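Observations on the model geometry
In case you want the letters, here they are:
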Amino acid sequence: MLPGNTDFILDPANVIFLGAFALVLVTALGTLAFAIVSARRAVARGQAASILWHEEFEELPASARSCRHALTGELPGRHCERAFDCKGCETHARLVADAKPLPSIDTGGFFVLADRLYHRGHAWLKQEEDGTVTLGLDDLATRLVGKSDTLDLPAVGERLAENGPAFRLKAGKARVRVVSPVSGEVVETGGLGRGFLLRVRPDGPLDTRALLSGREAAAFLSRELDRLQLAISGARGVPALADGGLPVDDLSKAIPEEDRDRVLGEMLLEA
Amino acid sequence: MDDTLIGRGLKRTPLPRFLLWLVPWAALLALGLYAVYLCFAVGLNQTNMDNRFAFGLWIYLDLTVIALGAGAFFTGFLLYILKKKELKAVINSAVVIGFICYSGAVGILMVDVGQPLRAWFTFWHPNVHSMLAEVTFCLTLYLSVLAIEYAPLVLKNRRLKEVPGLLVLENQLHKVMVVFAGIGTLLSFFHQGSLGGLYGVLRGNPFAFREHIGIWPTTFFLFILSAAAVGPSFILLTTWLVGKVSKKRLVSPEVFQTLAKISGWLLLVYVVLKGIDSLVWINSTSPKTGVQVSSFYAHPPFGTWVLFAEVVLLGLVPAVMLLSRRVRARTGLLVLAAAMACAGVVLNRYIMTIQTLALPSLPFDSFLSYSPSWQEIAAFLAVLGYGVLLYSISFRWLNLFPEERELATKG
C-alpha cells in the first residue's frame, strides 16, 4: 500500500484513494489524541473538579438550577447558566451594587445560622478565627440524610477543589457525594456529632461571593423543601410531606428506601 | 455491586432475572461461535456457498445490518451537525446499536473471508478500483469511530465516573464528538454507497447493472438514501421495543414524532428516485443489454410481486404512513410503519444479494437456488445473540436514554 510495497504504483487513483483515507485516519486519531492530551492536562492542572461540576450541573433539572436572585424574588424564574459561579456574573454584581433590600423570607422551619455561608449543594462554610474554615451539612441535608451509615471523609492533608467532592456518605442503598464550597487542604476531620465535618485551610484569600447567607440562604432552603416534596411525590404520586407544618427532624424516614438514592442525588446535585 | 453500577434513579430488573434473560442469547452466541470454529478448522465447505453463489446469508446479513445501523451515523449527523437537539434522547442508544451492527458485520466478514489472519492483506494490497476496497476501509474506520463514540457512554457509568480522570476524558471526548460525527457521516456515505455500487457496476449482470451518474451507478446513491431513510425508523423501532421489554418510558413522544417525520420524508424521496431508477432500468438499461426485465421475474419465488413489495408495500406505504399526522398520533401504527420501512430495506438488500446471484446471467446459465447451511444460520444468529447481550448490558449499566429518569419521576 505504501511506497516500498512491491504492489505500490504511483498513479492518481492510488494517491486519491489512499490520500483520502490517510487524511480521515489522521483526523480521527489526531482528534482522539487531542482529547486524551487535553484530559491529562486538565487533570494535571487540577481542573478536574471544575470540569466534573460543570458536567453535573448541565444535567441538573431546571428546578435545581435556580438563580440566587430568583430565590429571593428579585429575578423570578431566572436560572443559573454559570454553575453557581457568581464571581463572574454581571447580573449578580449589578444587583449587589444596587443593594436592594431583600423581602422577608419564611425559613420553612430550618435553621439558617448567621455565621455560616451556604453552598447550593447543601454544604455550609464557617470562617474561623485562625484563618481556616469549617465545613458541614446544612440543616435540610442533615435531616434528609438521617443517620448516615458511612461518612467517607478525606484524610488530613488531602486537597479539596471548589465544587469538587468534599466527602461522600452512604445511607442505606444511597451513596452520594457532597460538593465542597471551597478549595484548600484538609487540616482536621470532624464528625456528625462534633459540629463540623472538615476543617480546611483555603488556597489563598477566601472568595465567598458564590455562597449564600442570611435571608438568601433561608429562601434557598425554603425552595429546596418544595423541590424535595416534588422529588418524593414524583415517584410516589402523592405528597409525602405534609404542607403547613414544620419539617420533622429525620426527613429520611419520609423517603422510601428504594427512592432514597435518587432523591438524595437530586437534592445534593449529583446526577 | 450491581446496584452501584446502575445509574441513579434508574429502575432495573433484579440481577438474577437479568441473568436469566441473558441465557438464551448467550446460548445463541455459543452455538454461533462453534459454527465459526468449524468454518475456521474445517474450511468454508461448512457453508453452502460456492464459486457461483459466493455471496450468501452472511453478505446479506452484512448489507442489512449496515443499512439498519445507519441510524447511528445519521442521528449523529442530525444532532451534532444539524443541531436537532431533541435527538439527544436517542443518540446513546443509536451509537450502541450502530456499534453492534457494524462489529457484527465485521465479525461475520472475518468468517466469510475464510482466512481472518490475512485480513490485513486488503489494507496492504488494496485494489483501489474496487468498490469492496472502499467498503473495507470505510467499515473498519467507521467501526473504530463508533468505538470512540461508545467510550464516553462507558466512562459515564456511575462507578467509573467517580474516577476524576475518566470523567474528564469523557468530557473532552464529548467536546470533540462533532468531529467524529462528521467523520462518521463521511465514511458512512461512502461505504453505504459503495455497497450499492458493488451491484450497479456488474455489467455482465443485467439484473443488477444500472445507469451511471459520473463514475457511480445509481445504486450507489439509492443505498445511501435508503440507509439514511430507515436508520431513524430502526432507532424508533428498537427504542419502542426496549421500552416494551423493560416496561419503561424511555423517550418523550415528540422524539418518536421527529424520527418518524425524518424517516418518512427521506423514504418518500427514496421511493420516488427508486421508482424513476426502476422505470429507466425496465425501459432502457436492461433492454439495451438484450434482456427483457420480465425474464428476471419468471423464476419463482421471485415474481413481480417482489418489486411491488419493495417499492410500494414496504416503501411508499410506510413513507406515507410516517408522514401522516394521524398515523403518528397512534403508537401502534407508527411502530408498524417503522417496521415496514425497515422490512423494505431488508427486502431490498435480499433482492440485491440473493436474487442477483440466483438469476442466470449467461445464456447457458440456469436459475440457482441456495439454502444456507446450519453453520451459516448459526453464525447469523450469533450476531443477533451478541447484539442482544451487548445492548442488554449497556441498557442496564449505562445511561442509554437520558430522559428515562425524568420520565420515570413524572410517572
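Remember, predicted model here, so these are calculated numbers, not experimental data.

**A word on the packing of aromatic side chains**
For the structure shown, the criterion picks out 31 aromatic pairs over all chains. Aromatic pair Phe395(B) and Phe401(B): ring centres 6.3 Å apart, planes at 65°, arrangement edge-to-face. Assessed through its relative accessible area of 0%, Phe401(B) is described here as buried. One aromatic cluster is present, built from ring pairs that chain together Phe189(B), Phe190(B), Trp216(B), Phe220(B) and Phe221(B). The lysine or arginine in question, Arg120(A), covers the ring of Phe84(A), its NZ or CZ lying 3.9 Å from the ring centre.

**Considering a nonpolar patch on the surface**
Residues Val269(B), Val272(B), Leu273(B), Ile276(B) and Val280(B) make up a contiguous nonpolar surface patch of about 380 Å² in total accessible area. Relative to the helices and strands, Val269(B) is located in helix 11 (residues 253-288).

**Thoughts on the confidence of the model for chain B**
Mean pLDDT for chain B: 92, with 100% of residues reaching 70 or above. Across the interface, the model reports ipTM at 0.85; the global pTM reads 0.87.

**Considerations on the nonpolar core**
Of all hydrophobic cores here, the largest spans 137 residues; its most connected members are Leu187(B), Tyr391(B) and Phe401(B). Ignoring any residue separated from it by four or fewer positions in sequence, one finds Tyr391(B) in contact with Ser93(B), Val96(B), Ile97(B), Ile100(B), Val242(B), Leu400(B) and Phe401(B). By size, the runner-up hydrophobic cluster in this structure holds 44 residues, among which are Leu144(A), Phe167(A), Leu198(A) and Met267(A).

**A look at helix 4 (residues 70-81) of chain B**
Residue and element names in this part refer to chain B. Taking 1.5 Å of rise per residue, 12 residues should cover 16 Å, and helix 4 covers 16 Å from first to last C-alpha, within 8% of that figure. Helix 4 sits mainly inside the fold: 10 of its 12 residues count as buried. Among the residues of helix 4, Ala70, Gly71, Ala72, Phe73, Phe74, Thr75, Gly76, Leu78, Leu79 and Tyr80 are the ones counted as buried. Directly after helix 4, the chain includes lysine 83, whose backbone phi takes a positive value near 60°.

Criteria and thresholds
Within each chain, residue numbers correspond to sequence positions counted from 1 in written order. Written order decides the labels, with chains lettered from A and ligands numbered from 1. Local features in this predicted model are restricted to residues whose pLDDT is 70 or higher, and side-chain atom pairs enter the listing and the counts only when it is 80 or higher, whereas totals over whole chains, interfaces and linings include all residues. The side-chain values count all of the structure's non-hydrogen atoms but skip hydrogen atoms and water molecules. Between rings of Phe, Tyr and Trp, where Trp is taken as its six-membered ring, a pair exists when centres lie within 6.5 Å; planes separated by under 30 degrees are stacked, by over 60 edge-to-face, and by other angles tilted. Exposure classes here rest on a 1.4 Å probe applied to the protein chains alone. A residue is buried below 20% of its type maximum, exposed above 50%, and partly exposed in between. Charge over a ring is defined by NZ of Lys or CZ of Arg lying within 6 Å of the ring centre and within 35 degrees of the ring normal. Here, patches come from residues exposed beyond 30% relative accessible area and free of salt bridges, joined within 9 Å for like charges and within 5 Å for nonpolar side chains (Val, Leu, Ile, Met, Phe, Trp, Tyr). All accessible areas in this document rest on Shrake-Rupley with a 1.4 Å probe, and a residue is counted as covered only by the protein chains that are shown. By salt bridge we mean one thing: a side-chain nitrogen of Lys or Arg within 4 Å of a carboxyl oxygen of Asp or Glu. Under the scheme used here, helices are H or I runs from DSSP no shorter than 4 residues and strands are E runs no shorter than 2 residues, and both carry numbers assigned from the N terminus. For every residue, the predictor states its confidence as a pLDDT score lying anywhere from 0 to 100. By convention a nonpolar core is built from buried Ala, Val, Leu, Ile, Met, Phe, Trp, Tyr and Cys residues, the set being connected through side-chain atoms within 4.5 Å. Only heavy atoms enter the contact rule, under which two residues are in contact if any of them lie within 4.5 Å. Take the residue count of a helix, subtract one, and multiply by 1.5 Å to get its expected span.

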